[in-house]
Amino acid sequence: MVNAAFSWGICRGCTLLCGVGGKPVFSESSRTEAAREMRKSIRHSFMRQMRGRPFRNTRLEQEFGAAYHLSGVRTGYVFSLMAALSFVVFSCVEYFAFKRPMTDTVQVVRAALILLFFAIGWHAKVHTEKYEKNFHIVAPALMVVYVSGILFFEYRTQLYGHPEFFYLSVNSTCILLTIACYYFMRLPISIAILLSLLLAALTIGTVYVSGVFNATVVGRMLTYISVSNAVGFWIRRMFDMRERRIFLQTKRLKNVAALKQRLIEAETAANRTKTTFMAMLSHEIRTPMHTVTRLMSVMQKDFEGQLSEKRLKTFQQVEQACDQLLATLDDLLHYAMLGGTSRDDGDSEFKLDVLLVECAQIVDHSRQEKGLKLAIDVEQIAGKIFAGQPHKLKRVILNLLVNAIKFTDHGEIRLAVASHELAPKRYQVTISVTDTGIGIPAAELKNIFQPFYQVDSSYSRRFGGSGLGLSICQELMRSIGGAIAVKSEPVTGSAFEVTFPLTER
Ligand code: ADP
C-alpha cells in the first residue's frame, strides 16, 4: 500500500512537473478550472492505479467482476477445507505421537476450529450464489473469522512457552493472510486497506494480551505487515492484469466458437432448404414426365402399322428424350435425398454374389444392345452370407455398370470381387468394374467425383446423364465406411474399385 502510494506519487509529480500530457495545467485565465481538472485527473488516475485498470466498458467490467467473485468464493471454500484438514492432521499427530489427550484445552480449541472451518466451507459450497452476491461483505467477514480463529489458537497455546515462536507464528499468519486478502479474496482496494489495518490491530492486540509484549518485536512486526501489504498490493496488480487478459482471451474464444456454431447451424438450415426444394422440384416434374412417357407408348401402340418410318423415328426419339430426362430427374432426386439414403438403416443379411449377378442382369439388355461381352468373377465370396446394407451396394454397383456400358463401344465389361480376411468373419471386400471404353484423361480423374461434373460438356448430349452418379456413389460408400477409387487411361478403358468392410454371418 505504502509502496504503491509512494510510487504513484513520484510518477504523478514527475508527470506534472514535466508537463507531460501537452496541456498547460496552470494558465492565467482558468486557474480554478485547471485546479479542479487536476484534482479530478489525480483522483481518476489514483482510482485506476488502485483498481488495476478496469475495462472502460461497464458491462465487461461487471462480467469480469462476477467471474472474479466466483473464483474468490471458490478460493474461500478451498481455504476453509485446507484450514480444517490441517488442524485435523495436527490434532492426530499430537494425539498419536505425543499422547496429548483429546480433552486437553489445546485439542478442544483445535476441535472447535475444525468444526468452524468445515462449517464455513460447507456453507460456502451450498450457498455459493449468496456468497458471490454479497462478496464484499462475506469476504472480509470470513477473513476476520480466519484471523481471529488462528490468533486465538496461537494465543491459547502460546506455543508452549516460546515467545520467539509465538511472535513468529502470529507474524507469519498475519503476513500470509494479508497477501491472501489482497490476491485470493480479491476485495476492492479500500476494503483490503481497512482489513489489513484490522489485521495489524488484531495481531498487536493478541501479542499484547498474551503478556509477552515487547516493543522492539512489535515494531518489527509492524514493518513486516507494511511490507506484506505492499507485496500483496503488487501481486494483486500483476495477477489482476493477467486475469483480465485471460478473461478477454477466453471471452474472444467463446465468441468465436459461438459464431462458428451459428454459422454451422445457418449452413445446415440453408442446405436443408435447398435439399427440400430440389427434392420437391424433381418430384413434381417427374410425375407429369411419367404421364408423357406412358402416353407416348400408348400412342405408339395405337398407331402401330399406320405410321411412316419417319414418324416412327420421331416417336422413338421423343421417347428416348423422355427416358433420359427421367433418369436425370432420378439422379437429382437421389442427390437431394442423399442425406436420407446415406443414413445408417441398420444391417441386413444378403449374399454378395447374388447381388452382383442381379446387378449384371438389370443392365444386361443395354449391354447386349451394344454387343459388349461381360465377365463376372464372384468365386471368392460365392455362397457366403454377409451382414450389411445391400441396397446401398446395389445402387453403387449399378451406377458403375451403367457408366461402363455407356462409355464403352466395343470390348468387354468385367465385374470382379476380391476379399481379404481382416479378422475371423471380418472381411475387406473390393469390387471392381472394368471396361475397355473411352477412358478418362489423368487430369480429370480427381474431378469426376464432384457433383454435376462431366469430363466433357458434350457428354450429356452424347451419352446422357447429369454428372451426379459418381458423387452419389462416393457418398454412399463413405456412409458404410468404404471408399471408391478409379484408374483410367484414355482409349484403353477405366477400372472403378469400391472397397468396404463386411461381416460374415
Ligand atoms: P454421369 O455418368 O451421369 O455423367 P457420373 O457421376 O456417373 O455422371 O460420371 C461423371 C463423369 O465421369 C462422366 O460424365 C464421365 O465423364 C466420367 N466417367 C464415369 N464413368 C466412366 C467410365 N466408365 N468411362 C469413362 N468415363 C467415365
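Residues numbered from 1 in each chain as written. Predicted model: local features only at pLDDT ≥ 70, side-chain atom pairs only at ≥ 80, totals over all residues. Heavy atoms only, no water.

**Student:** I keep staring at the overall build of the protein chain and nothing clicks. Help me out?
**Tutor:** Regarding its fold elements, the protein chain presents 16 helices and 7 strands. Looking at the 505 residues of the protein chain, the share that counts as buried comes to 37%. Of the contacts made within the protein chain by residues no fewer than 6 positions apart, 73% connect residues no fewer than 24 positions apart. Of the accessible surface of the protein chain, which amounts to about 29700 Å², a share of 62% is contributed by carbon and sulfur atoms. (Helix = DSSP H or I, 4+ residues; strand = E, 2+ residues; numbered from the N terminus. Buried < 20%, exposed > 50% of the residue type's maximum accessible area, 1.4 Å probe, protein only. Contact = heavy atoms within 4.5 Å. Areas by Shrake-Rupley, 256 points an atom, 1.4 Å probe, with all protein chains shown as cover.)

**Student:** Can you walk me through the pairing of strand β6 (residues 483-489) in this structure?
**Tutor:** Regular strands show a simple pattern: their side chains alternate between the two faces of the sheet. Residues of β6 alternate between two faces, with Ile484, Val486 and Ser488 buried on one and Ala483, Ala485, Lys487 and Glu489 left unburied on the opposite face. For β6 and strand β7 (residues 493-504), the ladder comprises 7 bridges, and the chain directions are antiparallel. Within β7, the residue paired with Ala483 across the bridge is Thr499. Where β6 folds back on β7, the antiparallel hairpin that results is connected by 3 residues, among which Val491 adopts a positive phi of roughly 75 degrees. (Pairing = 2+ DSSP bridges.)

**Student:** Whenever I open this one, helix α3 (residues 58-97) confuses me. Can you help?
**Tutor:** Along an α-helix, a turn takes 3.6 residues, which lines up residues three or four apart on a common side. For α3, built from 40 residues, the straight-helix expectation of 58 Å at 1.5 Å per residue is met to within 8% by its first-to-last C-alpha distance of 57 Å. The backbone nitrogen of Arg59 lies 3.0 Å from a side-chain oxygen of the residue at the head of α3, namely Asn57. (Expected span 1.5 Å × (residues − 1). Polar contact = N/O pair within 3.5 Å; in protein donor to acceptor, adjacent residues only side chain to side chain.)

**Student:** Please explain a nonpolar patch on the surface as it appears in this structure.
**Tutor:** On the surface, Val89, Val93 and Phe98 cluster together to form a nonpolar patch covering roughly 300 Å² of accessible area. If you trace the backbone, Phe98 turns up in the loop between α3 and α4 (105-126). (Patch = residues over 30% accessible without salt bridge, like charges linked within 9 Å, V, L, I, M, F, W, Y side chains within 5 Å. Salt bridge = Lys/Arg side-chain N within 4 Å of Asp/Glu carboxyl O.)

**Student:** Sorry, what's going on with the site of the ligand here?
**Tutor:** Around the ligand, the surrounding shell holds 21 residues, and the nearest of these are Asn403, Lys406, Asp435, Gln454 and Leu470. One nitrogen or oxygen atom from the main chain of Val455 is found 3.2 Å from an oxygen atom belonging to the ligand. Considered on its own, the ligand offers 530 Å² of accessible surface; in the complex 98% of this is hidden by protein. At 4 residues, the largest contribution of residues to the shell around the ligand is made by helix α14 (residues 390-406). Grouping the amino acids of the shell around the ligand by side-chain chemistry returns 10 nonpolar, 9 polar and 2 charged. (Near = heavy atom within 4 Å. Nonpolar A, V, L, I, M, F, W, Y, C, P; charged D, E, K, R; others polar.)

**Student:** Even after reading the chapter, I still don't get the pattern of salt bridges, so can you show me in this structure?
**Tutor:** Close approach of charged atoms allows side chains with opposite charge to pair. Under the definition given, this model contains 11 salt bridges. Asp104 is the salt-bridge partner of Arg100, the closest N and O atoms lying 2.9 Å from each other. One salt bridge in this structure joins Glu475 and Arg478, with 3.6 Å as the shortest N-O distance. Of the two residues, Glu475 and Arg478 both sit in helix α16 (residues 469-479), 3 residues apart, roughly one turn of that helix. Overall, Glu475 belongs to the partly exposed group, its relative accessible area being 30%.

**Student:** Before we go on, may I ask you to explain unusual backbone geometry in this structure?
**Tutor:** Glycine aside, negative phi is the norm for most residues, and most peptide bonds take the trans geometry. A positive phi angle is found at Lys99, which is not glycine, with a value near 55 degrees. Tracing the chain through its elements places Lys99 in the loop between α3 and α4.

**Student:** I keep staring at the confidence of the model for the protein chain and nothing clicks. Help me out?
**Tutor:** Should pLDDT be low for a region, the predicted coordinates there are not to be read in detail. Put simply, the protein chain has an average pLDDT of 80, and 86% of its residues get 70 or more. Mean pLDDT values over the elements of the protein chain span from 38, in helix α1 (residues 2-18), up to 96, in strand β5 (residues 426-435). (pLDDT = per-residue confidence, 0-100.)

**Student:** What's the story with the nonpolar core in this structure? I'm lost.
**Tutor:** Nonpolar side chains tend toward joint burial in soluble globular proteins. Counting 42 residues, the largest nonpolar core has Leu352, Leu356, Ile431, Val498 and Phe500 as its most contacted members. Among the secondary structure elements, those contributing two or more residues to this core are α12 (352-362), α14, β4 (412-423), β5, α16, β6 and β7. With 8 residues, α14 is the single largest residue contributor to this core. In terms of nonpolar packing, the next biggest core, distinct from the first, is built from 36 residues, Ile150, Leu151, Leu177 and Val217 among them. (Core = buried A, V, L, I, M, F, W, Y, C linked by side-chain atoms within 4.5 Å.)

**Student:** I keep staring at the environment of Phe79 and nothing clicks. Help me out?
**Tutor:** Among the structural elements, Phe79 can be located in helix α3. Taking the C-alpha atoms as reference, Phe79 lies 9.9 Å from Ala180; in sequence the two are 101 residues apart.

**Student:** What is the right way to look at α16 in this model?
**Tutor:** Within the span of α16, buried status applies to Gly469, Leu470, Ser471, Ile472, Cys473, Leu476 and Met477. Gly481, located one to two residues past α16, shows a positive phi value of around 80 degrees.

**Student:** Would you explain the packing of aromatic side chains in this entry?
**Tutor:** Aromatic ring pairs are described here by two measures, namely the spacing of the ring centres and the angle between the planes. Throughout the structure, instances matching the rule amount to 6 aromatic pairs. An angle of 65 degrees between the planes, with centres 5.2 Å apart, marks the rings of Phe64 and Phe247 as edge-to-face. Here Phe247 lies in helix α9 (residues 215-302) and Phe64 lies in helix α3, a separation of 183 residues in the sequence. Neither residue differs from the other here; Phe64 and Phe247 are each classed as buried. A ring pair is formed by Phe386 and Tyr427, whose centres lie 6.0 Å apart and whose planes are at 90 degrees; its orientation type is edge-to-face. Note that Phe386 is positioned in strand β3 (residues 385-388) and Tyr427 in strand β5, a separation of 41 residues in sequence. Chaining the aromatic ring pairs together yields one cluster made of Phe87, Phe90 and Phe117. (Phe/Tyr/Trp six-rings, centres within 6.5 Å; stacked < 30°, edge-to-face > 60°.)

**Student:** Explain the packing of α9 against helix α10 (residues 309-336) here, please?
**Tutor:** The relative placement of two packed helices is expressed as an angle between their axes plus a distance between the axes. For the pair α9 and α10, interaxial distance at closest approach is 9 Å and the crossing angle is 155 degrees. On the basis of the axis angle, α9 is roughly antiparallel to α10. In this structure, α9 crosses over α10, and the sense of that crossing is left-handed. Among the residues making up the contact of α9 with α10, the classes are represented as 18 nonpolar, 8 polar and 4 charged. (Axes fitted to C-alpha atoms, helices over the stretch in contact; angles between N-to-C directions. Parallel < 35°, antiparallel > 145°, perpendicular 65-115°, else oblique. Left-handed = near helix turned anticlockwise from the far one by under 90°.)

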